[in-house]
Amino acid sequence: MSEDLAARTIAATNGVAQDTAFGAVIAPIHLSTTFKFPAFEQAGPYDYSRLGNPTRDQLADTIAKLEGGARAVMVASGMAALDLALSSLRPGDLLVAPHDCYGGTHRLLSLRGARGHYRVAFVDQTDPEALAAALAERPKVVLIETPSNPLMRVVDIRRITADARAAGAVAVVDNTFLSPALQRPIALGADLVVHSTTKFLNGHSDVIGGAVIAADAAMGDDLAAWANTIGVTGSPLDAYLTLRGLRTLFVRVEQQQRNAAALAAFLDAHPAVRCVHYPGLPGHPGHALARAQQAGFGAMLSFELAGGRDAVRRFVGALRVFTLAESLGGVESLVAHPPTMTHAAMDPEARAIAGITDGLLRLSVGLEAESDLLADLSRGLAALAG
Ligand SMILES: *Cc1c(COP(=O)(O)O)cnc(C)c1O
């Protein structure tokens, strides 16, 4: 399929109607772990599914095109994707990471740092001086996550990737929160993009998966070879399901962010809510930047209840449409309490530095009717008064 197609056309149809055996419009799933050699000393296009698999390759090809990269490598989880993207780091090398990154990422980097696999500097990347000081240490990799989890801080991908390059570092962007439907970091200067495909790309909360997309083909080939060597490549069944979910990425994300914008405005006007973190609100510190570098404000938001942990308990206890659960990006709306759930692995001091307070709640907004979602939040807020 040619590159001049719109991204939403690629998402909906890349690889459709290519089956040469039966003319199947939707490509069959290839679960076979091994592939026949046509003859002695003759290799076919595939030999073993850890290394390569047609179903997984179709998903990788589609994601690579959506992100504008040369090659994507599909792996077993978002964490595996991050670990793979950072696999070039050697003992003594410095990694600069956001101080308020995803909790699992914070754990991965902290433990690898503690084991001496590389050095890590967690930096507030919204603070230009702190970032410049970290770059002066000549890091090998700069990891960017924007909007950040769970406080939705927005950083300038174009500026940070340019500064990283000037300092001799590879720039890696975790694009999980927006998906390529809303943000394309490679066009803004990223060398690698990482996804937890568990989230918006699959979108149906039924597959754990990850992807690394390389701007450069040689870097992508190296990562694919290493993913095969350490055995983290994703399963064909997961790839099949994720590609099916990906077909509707654009319509899902667009409707979900419409719902999120309505909820953010509602919460922002409520006296029991101390503050709302949503880049779509004009008062959000990253609003102008998000408007410039994103194609939309996304379907994630967080907010702080004035009453702290007690208020959180009452609020979530009254909800009927939102489910109290981790994860995000599915068609169903979820509410999470970062201090006790997604970011429980972070030590309390690091959490405090990152601004993750006891009254904070994160919403992943789904495809339900806006009226039902608003009514549910009203129920939760009414429970605070009782
Ligand atoms: C969920 C998530 C991850 C980890 O992905 P898994 O698929 O759960 O391993 C990494 N980064 C971000 C931003 C995430 O939301």
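Worth saying up front: this structure is predicted, and the values here are computed from it rather than measured. (Residues numbered from 1 in each chain as written. Predicted model: local features only at pLDDT ≥ 70, side-chain atom pairs only at ≥ 80, totals over all residues. Heavy atoms only, no water.)

**Q** I'd like to hear about the environment of Arg115, residue by residue, with values.
**A** For Arg115, the position within the fold is in the loop between helix H4 (103–114) and strand E3 (119–123). Judged by its relative accessible area of 64%, Arg115 falls in the exposed class. On a C-alpha basis, the gap between Arg115 and Ala264 in space is 41 Å, while along the polypeptide they are 149 residues apart. (Helix = DSSP H or I, 4+ residues; strand = E, 2+ residues; numbered from the N terminus. Buried < 20%, exposed > 50% of the residue type's maximum accessible area, 1.4 Å probe, protein only.)

**Q** Explain the domain arrangement of the protein to me, and be specific about the residues and the numbers.
**A** As assigned here, the protein comprises domain 1 (7–246) and domain 2 (249–385). A separation of 26 Å is found between the C-alpha centroids of domain 1 and domain 2. Contacts between the two partners involve 41 residues from domain 1, matched on the other side by 41 residues from domain 2. The partner of Glu254 in a salt bridge is Arg8, with the nearest N and O atoms 2.5 Å apart. Tallied by class, residues from the side of domain 1 that touches domain 2 come to 21 nonpolar, 13 polar and 7 charged. (Domains from an automatic or database assignment. Contact = heavy atoms within 4.5 Å. Salt bridge = Lys/Arg side-chain N within 4 Å of Asp/Glu carboxyl O. Nonpolar A, V, L, I, M, F, W, Y, C, P; charged D, E, K, R; others polar.)

**Q** Let's hear about the site of the ligand: which residues, and what values?
**A** Gly78, Asp174, Ser196, Thr198 and Lys199 are the nearest of the 14 residues found near the ligand. At 2.7 Å, a side-chain N or O of Asp174 approaches a nitrogen atom of the ligand. At a separation of 2.7 Å, an oxygen atom of the ligand approaches a polar side-chain atom of Thr198. About the coverage of the ligand: the protein hides 94% of its 380 Å² of free accessible area. Tallying contributions element by element places helix H3 (residues 78–85) first for the shell around the ligand, with 3 residues. A breakdown of the residues in the shell around the ligand according to their chemical character gives 5 nonpolar, 6 polar and 3 charged. (Near = heavy atom within 4 Å. Polar contact = N/O pair within 3.5 Å; in protein donor to acceptor, adjacent residues only side chain to side chain. Areas by Shrake-Rupley, 256 points an atom, 1.4 Å probe, with all protein chains shown as cover.)

**Q** I'd love a proper account of the packing of helix H2 (residues 54–67) against helix H8 (residues 236–246), names of residues and values included.
**A** For the pair H2 and H8, the least separation of the axes is 8 Å and the interaxial angle reads 40°. On the basis of their axis angle, the class for H2 and H8 is oblique. Considering only the axes of H2 and H8, their crossing is left-handed. In contact with Thr55, Arg56, Gln58, Leu59, Thr62, Ile63 and Leu66 of H2, H8 contributes Pro236, Ala239, Tyr240, Thr242, Leu243 and Leu246. Taken together, the residues of the contact of H2 with H8 break down into 8 nonpolar, 4 polar and 1 charged. (Axes fitted to C-alpha atoms, helices over the stretch in contact; angles between N-to-C directions. Parallel < 35°, antiparallel > 145°, perpendicular 65-115°, else oblique. Left-handed = near helix turned anticlockwise from the far one by under 90°.)

**Q** Could you give an account of the nonpolar core, naming the residues involved and the relevant values?
**A** Looking at soluble globular proteins, one finds that nonpolar side chains tend to be buried together. Among the nonpolar cores identified, the biggest contains 76 residues, and Leu301, Phe303, Leu305, Phe315 and Leu363 are the most heavily contacted of them. Top element by residues in this core is helix H9 (residues 249–268). It accounts for 7 residues. Among the domains, domain 1 (7–246) and domain 2 (249–385) are the pair contributing at least three residues each to this core. Filtering out sequence-adjacent residues up to four positions away, Leu305 remains in contact with Ala272, Val273, Ala311, Val312, Phe315, Gly359, Leu361, Leu381 and Leu384. (Core = buried A, V, L, I, M, F, W, Y, C linked by side-chain atoms within 4.5 Å.)

**Q** How would you explain the sheet that holds strand E4 (residues 141–145) if you had to name every residue and give the values?
**A** Read from one edge of the open sheet, 7 strands run E1-E7-E6-E5-E4-E2-E3, paired in mixed fashion. Edge positions in the open sheet fall to strand E1 (71–75) and E3, since each of these has one partner strand only. Shown here is a sheet whose adjacent strand axes are inclined to one another by a mean of 20°, direction ignored. Judged from the 2 bridges that link them, strand E2 (residues 94–98) and E4 form a sheet pairing that is parallel. Pairing of Leu95 across the sheet is with Val141, part of E4. Contacts from H2 reach E1, strand E6 (192–196) and strand E7 (210–214) within the one sheet, and its direction differs from that of E1 by about 130°. (Pairing = 2+ DSSP bridges.)

**Q** How would you sum up the pattern of salt bridges? Please name residues and give values.
**A** With the rule as written, the count across this model stands at 12 salt bridges. Between Arg165 and Asp191 there is a salt bridge whose closest N-O contact spans 3.0 Å. Residue Arg165 is found in helix H6 (residues 157–166), and its partner Asp191 is found in the loop between strand E5 (170–174) and E6; the two are separated by 26 residues along the sequence. Judged by its relative accessible area of 46%, Arg165 is partly exposed. Among the ionic pairs, Arg379 bridges to Asp376, the shortest N-O distance being 2.9 Å. Remark: Asp376 and Arg379 occur in helix H13 (residues 370–385); sequence separation between them is 3 residues, near one turn of the helix. Using a relative accessible area of 26% as the deciding quantity, one classes Arg379 as partly exposed.

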